[in-house]
Amino acid sequence: MAEKHAEFIVLGAGPGGYACAFRAADLGCKVVLVDPRATLGGVCLNEGCIPSKALLHAAEVIREAGEISDWGIALGKPKIDLDALRARKEGIVEHLTGGLNGLATRRKVEVIRGTAKFTGPRSIDIDGENWAFDQAVIAVGSSPVQLPGWPEDERIWDSTAALDLREVPKRLAIVGGGIIGLEMATVYSALGSQVTVVEFMDQIAPGADSEAVRILHAALTDQGITIHTSTKVAEVKATKPALVLRCEGAFEGNIKADAVIQAVGRRANGPKVAPQAAGVEMDARGIIAVDRACRTNADGIFAIGDVTGNPMLAHRATHQGHVAAEVASGHAAALDTDLIPSVAYTSPELAWAGLTQLQAKEQGIAHKVASFPWAASGRNLSSGGGDGLTKLVYCPETHRLLGATLIGSNAGELLAECVLAMEMGATLEDIALTVHAHPTVSETVAFSAERALGTLTDL
Ligand code: NAD
(Lines give C-alpha, C1' and ligand atoms only; values in the text may rest on other atoms or scores of the structure.)
Protein backbone atom coordinates (compact mmCIF):
# COMPACT_ATOMS: atom_id res chain seq x y z
CA MET A 1 0.00 0.00 0.00
CA ALA A 2 1.54 3.31 -1.09
CA GLU A 3 2.23 5.71 1.79
CA LYS A 4 2.93 8.86 -0.19
CA HIS A 5 1.60 10.29 -3.40
CA ALA A 6 3.24 12.40 -6.12
CA GLU A 7 1.30 13.99 -8.91
CA PHE A 8 4.46 14.44 -11.00
CA ILE A 9 7.73 12.85 -9.92
CA VAL A 10 11.11 13.46 -11.56
CA LEU A 11 13.91 10.98 -10.91
CA GLY A 12 17.25 12.74 -11.20
CA ALA A 13 18.07 16.42 -10.67
CA GLY A 14 20.60 17.03 -13.44
CA PRO A 15 20.10 19.66 -16.15
CA GLY A 16 17.32 17.50 -17.65
CA GLY A 17 15.58 16.64 -14.37
CA TYR A 18 15.60 20.05 -12.70
CA ALA A 19 14.56 21.82 -15.93
CA CYS A 20 11.68 19.36 -16.26
CA ALA A 21 10.64 19.74 -12.62
CA PHE A 22 10.75 23.55 -12.78
CA ARG A 23 8.84 23.73 -16.08
CA ALA A 24 6.17 21.35 -14.75
CA ALA A 25 5.83 23.47 -11.58
CA ASP A 26 5.53 26.61 -13.72
CA LEU A 27 2.71 24.89 -15.61
CA GLY A 28 0.85 24.24 -12.34
CA CYS A 29 1.90 20.68 -11.40
CA LYS A 30 2.71 19.61 -7.87
CA VAL A 31 6.23 18.30 -8.39
CA VAL A 32 8.51 15.95 -6.45
CA LEU A 33 12.18 15.88 -7.50
CA VAL A 34 14.33 12.97 -6.28
CA ASP A 35 18.13 12.72 -6.34
CA PRO A 36 20.63 11.00 -4.05
CA ARG A 37 23.10 13.91 -4.18
CA ALA A 38 23.22 16.52 -1.45
CA THR A 39 22.99 19.23 -4.10
CA LEU A 40 20.90 19.71 -7.24
CA GLY A 41 22.48 19.92 -10.71
CA GLY A 42 23.54 16.33 -11.34
CA VAL A 43 26.82 15.44 -13.02
CA CYS A 44 26.83 18.63 -15.11
CA LEU A 45 26.98 21.08 -12.23
CA ASN A 46 28.65 18.94 -9.59
CA GLU A 47 31.29 16.95 -11.43
CA GLY A 48 31.08 17.65 -15.16
CA CYS A 49 30.46 20.65 -17.38
CA ILE A 50 30.81 23.43 -14.82
CA PRO A 51 33.86 22.35 -12.76
CA SER A 52 35.66 21.31 -15.96
CA LYS A 53 35.01 24.73 -17.48
CA ALA A 54 36.38 26.42 -14.35
CA LEU A 55 39.59 24.39 -14.67
CA LEU A 56 39.74 25.02 -18.43
CA HIS A 57 39.51 28.75 -17.75
CA ALA A 58 42.51 28.50 -15.40
CA ALA A 59 44.36 26.46 -18.05
CA GLU A 60 43.66 29.12 -20.67
CA VAL A 61 44.97 31.89 -18.44
CA ILE A 62 48.17 29.89 -17.80
CA ARG A 63 48.62 29.34 -21.53
CA GLU A 64 47.94 32.97 -22.42
CA ALA A 65 50.33 34.13 -19.70
CA GLY A 66 53.03 32.07 -21.40
CA GLU A 67 52.19 33.34 -24.88
CA ILE A 68 52.05 37.03 -23.90
CA SER A 69 55.88 37.11 -23.82
CA ASP A 70 55.63 37.21 -27.64
CA TRP A 71 53.85 40.56 -27.17
CA GLY A 72 56.71 42.01 -25.11
CA ILE A 73 55.09 41.29 -21.76
CA ALA A 74 56.94 38.90 -19.46
CA LEU A 75 54.83 37.53 -16.62
CA GLY A 76 57.10 34.74 -15.44
CA LYS A 77 56.20 31.14 -14.71
CA PRO A 78 52.81 30.90 -12.96
CA LYS A 79 52.86 29.49 -9.43
CA ILE A 80 49.93 27.13 -8.98
CA ASP A 81 48.24 26.79 -5.60
CA LEU A 82 46.24 23.62 -6.20
CA ASP A 83 44.18 23.97 -3.01
CA ALA A 84 43.14 27.51 -3.94
CA LEU A 85 42.30 26.46 -7.51
CA ARG A 86 40.21 23.56 -6.23
CA ALA A 87 38.46 25.86 -3.74
CA ARG A 88 37.66 28.37 -6.50
CA LYS A 89 36.19 25.62 -8.68
CA GLU A 90 34.15 24.29 -5.75
CA GLY A 91 32.97 27.80 -4.91
CA ILE A 92 31.55 28.23 -8.41
CA VAL A 93 29.78 24.87 -8.17
CA GLU A 94 28.36 25.75 -4.72
CA HIS A 95 27.13 29.11 -5.98
CA LEU A 96 25.27 27.49 -8.88
CA THR A 97 23.85 24.51 -6.99
CA GLY A 98 22.77 26.87 -4.19
CA GLY A 99 21.00 28.98 -6.80
CA LEU A 100 19.11 25.91 -8.00
CA ASN A 101 17.90 25.22 -4.46
CA GLY A 102 16.45 28.71 -4.37
CA LEU A 103 14.72 28.18 -7.71
CA ALA A 104 13.22 24.88 -6.46
CA THR A 105 11.96 26.47 -3.25
CA ARG A 106 10.43 29.41 -5.09
CA ARG A 107 8.49 26.99 -7.27
CA LYS A 108 7.44 24.85 -4.29
CA VAL A 109 9.11 21.78 -5.83
CA GLU A 110 9.49 19.14 -3.10
CA VAL A 111 13.11 17.93 -3.22
CA ILE A 112 13.82 14.49 -1.76
CA ARG A 113 17.35 13.26 -1.20
CA GLY A 114 17.18 9.57 -1.99
CA THR A 115 17.54 6.77 -4.48
CA ALA A 116 14.42 5.85 -6.39
CA LYS A 117 13.45 2.53 -7.98
CA PHE A 118 10.22 1.55 -9.68
CA THR A 119 8.23 -1.17 -7.91
CA GLY A 120 5.21 -1.21 -10.24
CA PRO A 121 3.48 0.68 -13.06
CA ARG A 122 2.49 3.52 -10.70
CA SER A 123 4.76 3.01 -7.69
CA ILE A 124 8.30 3.86 -6.67
CA ASP A 125 10.46 3.01 -3.68
CA ILE A 126 12.59 5.85 -2.35
CA ASP A 127 15.02 4.51 0.25
CA GLY A 128 12.40 2.17 1.74
CA GLU A 129 9.47 4.55 1.46
CA ASN A 130 6.61 3.72 -0.94
CA TRP A 131 5.34 6.37 -3.29
CA ALA A 132 2.45 6.24 -5.72
CA PHE A 133 2.61 8.59 -8.68
CA ASP A 134 0.43 9.81 -11.52
CA GLN A 135 3.23 10.66 -13.94
CA ALA A 136 7.00 10.10 -13.73
CA VAL A 137 10.07 11.25 -15.60
CA ILE A 138 13.25 9.18 -15.69
CA ALA A 139 16.19 11.60 -15.84
CA VAL A 140 18.91 9.56 -14.16
CA GLY A 141 21.72 10.27 -16.60
CA SER A 142 24.81 8.20 -17.27
CA SER A 143 28.05 7.01 -15.64
CA PRO A 144 31.61 6.71 -16.96
CA VAL A 145 32.39 3.44 -18.77
CA GLN A 146 35.02 1.35 -16.96
CA LEU A 147 37.23 -0.72 -19.26
CA PRO A 148 37.21 -4.39 -18.24
CA GLY A 149 40.36 -6.14 -17.03
CA TRP A 150 42.02 -3.07 -15.56
CA PRO A 151 43.58 -3.36 -12.09
CA GLU A 152 42.04 -1.67 -9.05
CA ASP A 153 44.32 1.27 -8.39
CA GLU A 154 43.65 4.72 -7.04
CA ARG A 155 45.94 6.21 -9.66
CA ILE A 156 43.32 5.24 -12.28
CA TRP A 157 40.77 8.07 -12.48
CA ASP A 158 37.43 8.55 -14.16
CA SER A 159 36.31 12.05 -15.16
CA THR A 160 34.96 12.71 -11.65
CA ALA A 161 38.27 11.86 -10.01
CA ALA A 162 40.12 13.89 -12.63
CA LEU A 163 38.02 16.95 -11.75
CA ASP A 164 38.76 16.46 -8.03
CA LEU A 165 42.21 17.88 -8.79
CA ARG A 166 43.89 15.65 -6.20
CA GLU A 167 47.36 16.28 -7.63
CA VAL A 168 49.15 17.20 -10.83
CA PRO A 169 50.79 13.92 -11.90
CA LYS A 170 54.16 14.24 -13.59
CA ARG A 171 53.15 11.79 -16.32
CA LEU A 172 49.44 11.53 -17.15
CA ALA A 173 48.04 9.07 -19.69
CA ILE A 174 44.50 9.58 -20.98
CA VAL A 175 42.68 6.71 -22.63
CA GLY A 176 40.07 8.08 -25.03
CA GLY A 177 40.47 11.14 -27.24
CA GLY A 178 36.82 12.20 -27.13
CA ILE A 179 35.55 15.38 -25.53
CA ILE A 180 36.35 14.45 -21.91
CA GLY A 181 39.81 13.11 -22.76
CA LEU A 182 40.75 16.20 -24.73
CA GLU A 183 39.39 18.65 -22.15
CA MET A 184 41.29 16.90 -19.37
CA ALA A 185 44.43 16.83 -21.53
CA THR A 186 44.06 20.60 -21.95
CA VAL A 187 43.69 21.18 -18.20
CA TYR A 188 46.45 18.92 -16.93
CA SER A 189 48.99 19.87 -19.59
CA ALA A 190 48.57 23.55 -18.65
CA LEU A 191 48.99 22.62 -14.98
CA GLY A 192 52.31 20.96 -15.84
CA SER A 193 51.67 17.24 -16.51
CA GLN A 194 53.31 15.48 -19.44
CA VAL A 195 50.12 14.24 -21.10
CA THR A 196 49.75 11.33 -23.52
CA VAL A 197 46.36 10.66 -25.15
CA VAL A 198 45.61 7.22 -26.59
CA GLU A 199 42.69 7.10 -29.03
CA PHE A 200 41.30 3.97 -30.60
CA MET A 201 39.96 5.64 -33.77
CA ASP A 202 42.04 7.23 -36.55
CA GLN A 203 41.42 10.77 -35.29
CA ILE A 204 40.76 12.49 -31.99
CA ALA A 205 37.21 13.80 -31.56
CA PRO A 206 35.88 11.04 -33.84
CA GLY A 207 32.86 12.16 -35.82
CA ALA A 208 33.95 15.80 -36.01
CA ASP A 209 35.13 17.37 -39.28
CA SER A 210 38.62 16.00 -40.03
CA GLU A 211 39.98 19.30 -41.40
CA ALA A 212 39.07 21.06 -38.15
CA VAL A 213 40.36 18.15 -36.10
CA ARG A 214 43.75 18.42 -37.82
CA ILE A 215 43.98 22.02 -36.54
CA LEU A 216 43.07 20.87 -33.03
CA HIS A 217 45.54 17.98 -33.18
CA ALA A 218 48.35 20.34 -34.20
CA ALA A 219 47.48 22.86 -31.48
CA LEU A 220 47.38 20.20 -28.75
CA THR A 221 50.69 18.78 -29.98
CA ASP A 222 52.16 22.31 -29.84
CA GLN A 223 51.03 22.49 -26.22
CA GLY A 224 53.23 19.47 -25.53
CA ILE A 225 50.48 16.84 -25.54
CA THR A 226 51.45 13.52 -27.16
CA ILE A 227 48.60 11.95 -29.15
CA HIS A 228 48.51 8.36 -30.38
CA THR A 229 45.55 7.66 -32.68
CA SER A 230 44.59 4.23 -34.13
CA THR A 231 46.00 2.79 -30.92
CA LYS A 232 44.43 0.68 -28.22
CA VAL A 233 45.54 -0.12 -24.71
CA ALA A 234 45.91 -3.89 -24.65
CA GLU A 235 46.96 -4.23 -21.01
CA VAL A 236 47.47 -2.12 -17.93
CA LYS A 237 49.89 -3.15 -15.17
CA ALA A 238 50.01 -1.41 -11.83
CA THR A 239 53.57 -1.42 -10.53
CA LYS A 240 54.77 0.65 -7.60
CA PRO A 241 56.74 3.23 -9.59
CA ALA A 242 54.20 3.59 -12.41
CA LEU A 243 51.09 2.39 -14.21
CA VAL A 244 52.27 0.72 -17.41
CA LEU A 245 49.98 0.78 -20.46
CA ARG A 246 50.89 -1.68 -23.19
CA CYS A 247 49.68 -0.21 -26.47
CA GLU A 248 48.93 -1.88 -29.80
CA GLY A 249 48.22 -0.34 -33.19
CA ALA A 250 49.81 2.71 -34.81
CA PHE A 251 51.80 3.11 -31.59
CA GLU A 252 53.34 -0.12 -30.29
CA GLY A 253 54.99 0.10 -26.91
CA ASN A 254 54.58 0.92 -23.25
CA ILE A 255 53.46 4.20 -21.73
CA LYS A 256 54.47 4.74 -18.13
CA ALA A 257 52.26 7.07 -16.16
CA ASP A 258 51.78 8.33 -12.61
CA ALA A 259 48.03 8.57 -13.23
CA VAL A 260 45.66 7.42 -15.96
CA ILE A 261 42.30 8.93 -16.87
CA GLN A 262 39.77 6.60 -18.47
CA ALA A 263 37.57 8.69 -20.79
CA VAL A 264 36.09 6.08 -23.09
CA GLY A 265 32.47 7.15 -23.03
CA ARG A 266 29.47 7.02 -20.74
CA ARG A 267 26.84 4.35 -20.12
CA ALA A 268 23.14 5.12 -19.57
CA ASN A 269 21.94 4.67 -15.96
CA GLY A 270 18.63 3.04 -16.93
CA PRO A 271 19.12 -0.16 -14.88
CA LYS A 272 19.56 1.85 -11.68
CA VAL A 273 15.82 2.67 -11.49
CA ALA A 274 14.53 -0.85 -12.32
CA PRO A 275 12.31 0.49 -15.14
CA GLN A 276 11.14 -3.03 -16.03
CA ALA A 277 9.10 -3.07 -12.79
CA ALA A 278 6.99 -0.29 -14.34
CA GLY A 279 6.87 -2.01 -17.73
CA VAL A 280 9.33 0.48 -19.27
CA GLU A 281 11.44 -1.08 -22.02
CA MET A 282 15.21 -0.66 -21.82
CA ASP A 283 17.86 -2.05 -24.17
CA ALA A 284 21.00 -4.02 -23.25
CA ARG A 285 22.98 -0.77 -22.97
CA GLY A 286 20.61 0.61 -20.32
CA ILE A 287 19.07 3.06 -22.79
CA ILE A 288 15.34 3.82 -22.59
CA ALA A 289 13.76 4.56 -25.97
CA VAL A 290 11.44 7.57 -26.23
CA ASP A 291 9.42 9.26 -28.94
CA ARG A 292 9.82 12.95 -29.82
CA ALA A 293 7.43 13.81 -26.96
CA CYS A 294 9.85 11.99 -24.59
CA ARG A 295 7.24 9.30 -23.82
CA THR A 296 8.47 5.79 -23.05
CA ASN A 297 6.41 2.75 -24.06
CA ALA A 298 4.70 2.86 -20.62
CA ASP A 299 1.75 5.18 -20.16
CA GLY A 300 2.49 8.21 -17.96
CA ILE A 301 6.23 7.56 -17.80
CA PHE A 302 8.68 9.79 -19.66
CA ALA A 303 12.47 9.63 -20.04
CA ILE A 304 14.90 12.43 -20.89
CA GLY A 305 18.62 13.10 -21.17
CA ASP A 306 21.55 10.68 -21.22
CA VAL A 307 19.36 7.74 -20.20
CA THR A 308 17.67 8.07 -23.62
CA GLY A 309 20.99 7.60 -25.44
CA ASN A 310 23.25 9.74 -27.61
CA PRO A 311 24.15 12.51 -27.86
CA MET A 312 24.65 12.61 -24.09
CA LEU A 313 24.71 16.38 -23.73
CA ALA A 314 23.21 18.62 -21.06
CA HIS A 315 21.47 21.01 -23.46
CA ARG A 316 19.63 18.14 -25.15
CA ALA A 317 18.48 16.92 -21.73
CA THR A 318 17.20 20.39 -20.81
CA HIS A 319 15.15 20.69 -23.98
CA GLN A 320 13.76 17.19 -23.53
CA GLY A 321 12.93 18.10 -19.91
CA HIS A 322 10.79 21.02 -21.02
CA VAL A 323 9.07 18.85 -23.62
CA ALA A 324 8.26 16.11 -21.08
CA ALA A 325 6.86 18.64 -18.60
CA GLU A 326 4.72 20.27 -21.27
CA VAL A 327 3.38 16.99 -22.69
CA ALA A 328 2.64 15.71 -19.18
CA SER A 329 0.72 18.95 -18.51
CA GLY A 330 -1.47 18.40 -21.55
CA HIS A 331 0.33 20.64 -24.03
CA ALA A 332 1.36 19.64 -27.54
CA ALA A 333 5.17 19.62 -27.53
CA ALA A 334 8.03 17.65 -29.11
CA LEU A 335 11.79 17.82 -29.48
CA ASP A 336 11.40 18.39 -33.17
CA THR A 337 15.05 18.76 -34.14
CA ASP A 338 18.20 16.72 -34.63
CA LEU A 339 20.36 19.81 -34.36
CA ILE A 340 22.16 19.27 -31.07
CA PRO A 341 25.37 21.32 -31.04
CA SER A 342 28.63 19.81 -29.76
CA VAL A 343 31.48 21.78 -28.24
CA ALA A 344 34.87 20.59 -27.02
CA TYR A 345 36.20 23.34 -24.73
CA THR A 346 39.78 22.66 -25.68
CA SER A 347 42.26 25.36 -26.67
CA PRO A 348 41.25 26.11 -29.43
CA GLU A 349 37.58 25.18 -29.03
CA LEU A 350 36.00 22.79 -31.51
CA ALA A 351 32.30 23.28 -32.17
CA TRP A 352 29.95 21.69 -34.64
CA ALA A 353 26.28 21.08 -35.46
CA GLY A 354 24.36 19.45 -38.26
CA LEU A 355 26.13 17.47 -40.96
CA THR A 356 29.88 17.37 -41.45
CA GLN A 357 31.21 17.30 -45.02
CA LEU A 358 31.94 13.58 -44.67
CA GLN A 359 28.49 12.77 -43.29
CA ALA A 360 26.82 14.64 -46.17
CA LYS A 361 28.98 12.68 -48.63
CA GLU A 362 28.35 9.33 -46.94
CA GLN A 363 24.61 9.98 -46.82
CA GLY A 364 24.56 10.93 -50.51
CA ILE A 365 23.20 14.40 -49.74
CA ALA A 366 23.90 17.05 -52.39
CA HIS A 367 26.17 19.57 -50.72
CA LYS A 368 28.91 22.14 -51.14
CA VAL A 369 31.39 23.51 -48.64
CA ALA A 370 32.60 27.05 -47.97
CA SER A 371 35.14 28.01 -45.35
CA PHE A 372 37.08 30.96 -43.99
CA PRO A 373 40.47 30.63 -42.25
CA TRP A 374 40.82 32.46 -38.94
CA ALA A 375 44.37 33.40 -39.92
CA ALA A 376 42.66 36.07 -42.06
CA SER A 377 40.43 37.34 -39.22
CA GLY A 378 41.68 40.63 -37.78
CA ARG A 379 39.85 40.08 -34.52
CA ASN A 380 41.29 36.59 -34.08
CA LEU A 381 44.88 37.69 -34.69
CA SER A 382 44.62 40.84 -32.59
CA SER A 383 43.20 38.79 -29.70
CA GLY A 384 46.14 36.40 -29.71
CA GLY A 385 44.16 33.63 -31.40
CA GLY A 386 45.98 30.98 -33.40
CA ASP A 387 44.97 28.83 -36.33
CA GLY A 388 41.23 28.37 -36.78
CA LEU A 389 38.53 27.69 -39.34
CA THR A 390 34.86 28.34 -39.99
CA LYS A 391 33.38 25.79 -42.35
CA LEU A 392 29.82 25.71 -43.65
CA VAL A 393 28.22 22.76 -45.41
CA TYR A 394 25.25 23.91 -47.51
CA CYS A 395 22.71 22.75 -50.06
CA PRO A 396 23.74 23.98 -53.55
CA GLU A 397 20.08 24.34 -54.60
CA THR A 398 18.45 26.10 -51.66
CA HIS A 399 21.61 27.68 -50.20
CA ARG A 400 20.42 26.56 -46.75
CA LEU A 401 23.01 25.37 -44.23
CA LEU A 402 23.26 21.63 -43.64
CA GLY A 403 26.00 21.86 -41.04
CA ALA A 404 28.73 24.00 -39.56
CA THR A 405 32.08 23.34 -37.89
CA LEU A 406 34.16 25.99 -36.20
CA ILE A 407 37.55 25.72 -34.58
CA GLY A 408 39.20 28.60 -32.74
CA SER A 409 38.91 30.67 -29.55
CA ASN A 410 35.31 30.78 -28.34
CA ALA A 411 34.11 28.78 -31.35
CA GLY A 412 31.40 27.35 -29.08
CA GLU A 413 29.84 30.81 -28.72
CA LEU A 414 29.91 31.47 -32.47
CA LEU A 415 28.25 28.19 -33.28
CA ALA A 416 24.91 29.51 -31.97
CA GLU A 417 24.51 31.75 -35.04
CA CYS A 418 24.90 28.75 -37.34
CA VAL A 419 22.45 26.62 -35.35
CA LEU A 420 19.88 29.42 -35.43
CA ALA A 421 20.45 29.80 -39.18
CA MET A 422 19.79 26.07 -39.64
CA GLU A 423 16.68 26.13 -37.42
CA MET A 424 15.29 29.18 -39.26
CA GLY A 425 16.15 27.80 -42.69
CA ALA A 426 18.37 30.83 -43.34
CA THR A 427 20.19 30.89 -46.67
CA LEU A 428 23.77 31.87 -47.44
CA GLU A 429 22.36 35.19 -48.66
CA ASP A 430 20.62 35.77 -45.29
CA ILE A 431 23.89 35.19 -43.47
CA ALA A 432 26.06 37.19 -45.87
CA LEU A 433 23.67 40.16 -45.94
CA THR A 434 23.36 40.26 -42.15
CA VAL A 435 25.74 42.99 -40.99
CA HIS A 436 28.26 41.43 -38.61
CA ALA A 437 30.20 43.83 -36.37
CA HIS A 438 33.81 44.46 -37.29
CA PRO A 439 36.17 43.35 -35.97
CA THR A 440 34.60 40.19 -34.57
CA VAL A 441 35.32 36.54 -35.18
CA SER A 442 31.62 36.19 -36.03
CA GLU A 443 32.52 37.78 -39.36
CA THR A 444 34.10 34.45 -40.34
CA VAL A 445 30.58 32.99 -40.59
CA ALA A 446 29.44 35.79 -42.91
CA PHE A 447 32.73 35.62 -44.85
CA SER A 448 32.25 31.88 -45.43
CA ALA A 449 28.77 32.59 -46.81
CA GLU A 450 30.15 35.42 -48.99
CA ARG A 451 32.86 33.09 -50.23
CA ALA A 452 30.23 30.58 -51.30
CA LEU A 453 28.33 33.35 -53.12
CA GLY A 454 31.45 34.79 -54.74
CA THR A 455 31.04 38.19 -53.05
CA LEU A 456 33.93 37.95 -50.58
CA THR A 457 36.52 40.74 -50.65
CA ASP A 458 38.38 39.71 -47.49
CA LEU A 459 40.40 36.92 -49.07
P1 NAD B 1 33.30 10.05 -26.08
O2 NAD B 1 32.42 8.99 -26.59
O3 NAD B 1 33.12 11.45 -26.56
O4 NAD B 1 34.83 9.68 -26.35
C5 NAD B 1 35.40 8.46 -25.96
C6 NAD B 1 36.57 8.20 -26.84
O7 NAD B 1 37.25 7.06 -26.37
C8 NAD B 1 36.18 7.93 -28.30
O9 NAD B 1 36.94 8.78 -29.11
C10 NAD B 1 36.51 6.46 -28.47
O11 NAD B 1 36.93 6.16 -29.79
C12 NAD B 1 37.64 6.28 -27.47
N13 NAD B 1 37.80 4.93 -26.97
C14 NAD B 1 36.85 4.04 -26.62
N15 NAD B 1 37.41 2.90 -26.16
C16 NAD B 1 38.74 3.09 -26.23
C17 NAD B 1 39.86 2.28 -25.90
N18 NAD B 1 39.70 1.07 -25.39
N19 NAD B 1 41.10 2.79 -26.10
C20 NAD B 1 41.26 4.04 -26.61
N21 NAD B 1 40.25 4.84 -26.92
C22 NAD B 1 39.00 4.37 -26.73
O23 NAD B 1 33.18 9.95 -24.50
P24 NAD B 1 33.78 10.86 -23.35
O25 NAD B 1 34.80 11.80 -23.84
O26 NAD B 1 34.11 9.91 -22.26
O27 NAD B 1 32.52 11.71 -22.96
C28 NAD B 1 31.34 11.05 -22.50
C29 NAD B 1 30.10 11.81 -22.85
O30 NAD B 1 30.06 13.03 -22.16
C31 NAD B 1 30.00 12.11 -24.32
O32 NAD B 1 28.68 11.91 -24.73
C33 NAD B 1 30.37 13.55 -24.39
O34 NAD B 1 29.75 14.19 -25.49
C35 NAD B 1 29.87 14.08 -23.07
N36 NAD B 1 30.66 15.25 -22.68
C37 NAD B 1 30.42 16.42 -23.29
C38 NAD B 1 31.20 17.52 -22.97
C39 NAD B 1 30.94 18.83 -23.63
O40 NAD B 1 29.87 18.99 -24.21
N41 NAD B 1 31.87 19.77 -23.63
C42 NAD B 1 32.24 17.42 -22.05
C43 NAD B 1 32.46 16.20 -21.47
C44 NAD B 1 31.66 15.11 -21.79
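Because the structure is predicted, anything quoted here is derived from the model rather than measured. (Residues numbered from 1 in each chain as written. Predicted model: local features only at pLDDT ≥ 70, side-chain atom pairs only at ≥ 80, totals over all residues. Heavy atoms only, no water.)

Some details on helix H7 (residues 210–222)
Owing to its 3.6 residues per turn, the α-helix brings residues three or four apart onto one side.
And step 1. Over its 13 residues, H7 runs 18 Å from end to end, which matches the ideal 18 Å to within 8%, given 1.5 Å per residue.
And step 2. When we look at burial in H7, the residues that qualify are Ala212, Val213, Ile215, Leu216, Ala219 and Leu220. Projected down its long axis, H7 shows its buried positions confined to an angular sector of 155°, all on one face. Among the exposed residues of H7, those pointing more than 90 degrees away from its buried face are Arg214 and Asp222.
And step 3. As for H7, its buried residues are in contact with helix H6 (179–191), strand E11 (226–228), strand E19 (349–354), strand E21 (389–394) and strand E22 (401–408).
And step 4. You can read the cap of H7 off the contacts: a side-chain oxygen lies 3.1 Å from the backbone nitrogen of Glu211, and it is on Asp209. (Helix = DSSP H or I, 4+ residues; strand = E, 2+ residues; numbered from the N terminus. Expected span 1.5 Å × (residues − 1). Buried < 20%, exposed > 50% of the residue type's maximum accessible area, 1.4 Å probe, protein only. Arc of directions from axis to C-beta. Contact = heavy atoms within 4.5 Å. Polar contact = N/O pair within 3.5 Å; in protein donor to acceptor, adjacent residues only side chain to side chain.)

Some points on the packing of aromatic side chains
And step 1. Evaluated as defined, the whole model comprises four aromatic pairs.
And step 2. Judged by centre distance (5.8 Å) and plane angle (50°), the ring pair of Trp157 and Tyr188 falls under tilted. On the criterion of sequence distance, the pair formed by Trp157 in strand E8 (residues 156–157) and Tyr188 in helix H6 is long-range, its members being 31 residues apart. No difference in accessibility class separates Trp157 from Tyr188, as the two residues are buried. (Phe/Tyr/Trp six-rings, centres within 6.5 Å; stacked < 30°, edge-to-face > 60°.)

Comments concerning the pattern of salt bridges
And step 1. If you walk through the whole model with that rule in mind, you get 19 salt bridges.
And step 2. Between Lys391 and Asp209 there is a salt bridge, with the nearest N and O atoms lying 2.9 Å from each other. With Lys391 in strand E21 and Asp209 in the loop between strand E10 (194–198) and H7, this residue pair connects regions lying 182 residues apart in the sequence.
And step 3. Judged by relative accessible area, Asp209 falls into the buried class, the value being 5%.
And step 4. Overlapping salt bridges, with partners in common, bring together Asp209, Glu211 and Lys391 in one network. (Salt bridge = Lys/Arg side-chain N within 4 Å of Asp/Glu carboxyl O.)

Re the UniProt feature "domain: FAD/NAD(P)-binding" (unreviewed entry) in the protein
And step 1. As annotated in UniProt, the feature "domain: FAD/NAD(P)-binding" (unreviewed entry) corresponds to residues 8–321 in the numbering used here.
And step 2. Here residues 8–321 is 32% helix and 25% strand, with 13 Å between the C-alpha atoms at its ends. (UniProt positions renumbered as here; feature names shortened; annotations may be inferred.)

Some thoughts on the packing of helix H3 (residues 49–67) against H6
And step 1. Look at H3 against H6: their axes get within 9 Å of each other, and the N-to-C directions meet at 45°. In terms of orientation, H3 and H6 fall into the oblique class. Classified by chirality, the crossing of H6 by H3 is left-handed. Touching Ser52, Lys53, Leu55, Leu56, Ala59, Ile62 and Arg63 of H3 are Glu183, Met184, Thr186, Val187, Ser189, Ala190 and Leu191, all from H6.
And step 2. The residue makeup of the contact of H3 with H6, split by class, is eight nonpolar, three polar and three charged. (Axes fitted to C-alpha atoms, helices over the stretch in contact; angles between N-to-C directions. Parallel < 35°, antiparallel > 145°, perpendicular 65-115°, else oblique. Left-handed = near helix turned anticlockwise from the far one by under 90°. Nonpolar A, V, L, I, M, F, W, Y, C, P; charged D, E, K, R; others polar.)

Structural notes on the UniProt feature "domain: Pyridine nucleotide-disulphide oxidoreductase dimerisation" (unreviewed entry) in the protein
And step 1. Under the present numbering, the feature "domain: Pyridine nucleotide-disulphide oxidoreductase dimerisation" (unreviewed entry) in UniProt falls on residues 340–445.
And step 2. Annotated as 32% helix and 27% strand, the span residues 340–445 places its first and last C-alpha atoms 19 Å apart.

Quick word on the site of the ligand
And step 1. Within the structure, the ligand sits among 21 residues, and Ile180, Glu183, Glu199, Gly265 and Val343 are positioned closest to it.
And step 2. One nitrogen or oxygen atom from the main chain of Ile180 is found 2.9 Å from an oxygen atom belonging to the ligand.
And step 3. In this structure, a nitrogen atom belonging to the ligand sits 3.2 Å away from a main-chain N or O atom of Phe200.
And step 4. Protein burial of the ligand: of its 840 Å² of free accessible surface, 78% is covered by the chains.
And step 5. Here the shell around the ligand takes three residues from H6, the largest share from any one element.
And step 6. Classifying every residue of the shell around the ligand by side-chain character gives 14 nonpolar, three polar and four charged. (Near = heavy atom within 4 Å. Areas by Shrake-Rupley, 256 points an atom, 1.4 Å probe, with all protein chains shown as cover.)

Notes on the domain arrangement of the protein
And step 1. When cut into domains, the protein gives domain 1 (4–144 + 267–328), domain 2 (156–264) and domain 3 (348–453).
And step 2. On the domain 3 side, the residues contacting the eleven residues of domain 2 number twelve residues.
And step 3. Summing the contributions of domain 2 and of domain 3, the shared interface buries around 970 Å²; its carbon and sulfur component is 72%.
And step 4. At the surface where domain 2 touches domain 3, the tally comes to two salt bridges.
And step 5. One salt bridge connects Lys391 with Glu211, and the closest N-O pair in it is separated by 2.6 Å.
And step 6. The interface formed by domain 2 and domain 3 contains two residue pairs in polar contact (both at pLDDT 80 or more). (Domains from an automatic or database assignment. Buried area = accessible area lost by both parts, 1.4 Å probe.)

Describing the side chain of Thr97
And step 1. Note that Thr97 resides in helix H4 (residues 82–106).
And step 2. Taking relative accessible area as the criterion, Thr97 reaches 4% and is therefore assigned buried.
And step 3. A polar side-chain atom of Thr97 sits 3.3 Å from the main-chain carbonyl oxygen of Glu94.
And step 4. Those residues within four positions of Thr97 in sequence are excluded, and the remaining contacts are Thr39, Leu40, Leu45 and Asn46.

Overview of the sheet that holds strand E14 (residues 253–257)
And step 1. The antiparallel open sheet is built from three strands, whose spatial order is E12-E13-E14. The open sheet is flanked by strand E12 (231–238) and E14, the only strands paired with a single partner. Here the strands of the sheet are splayed against their neighbours by 25° on average, with no regard to which way each runs.
And step 2. Across seven bridges, the pairing between E12 and strand E13 (residues 243–249) is antiparallel. Within E13, the residue paired with Lys237 across the bridge is Val244. (Pairing = 2+ DSSP bridges.)

Some remarks on a nonpolar patch on the surface
And step 1. Together, Trp71, Ile73 and Leu75 make up a nonpolar patch on the protein surface, roughly 340 Å² of accessible area in all.
And step 2. Tracing the chain through its elements places Leu75 in the loop between H3 and H4. (Patch = residues over 30% accessible without salt bridge, like charges linked within 9 Å, V, L, I, M, F, W, Y side chains within 5 Å.)

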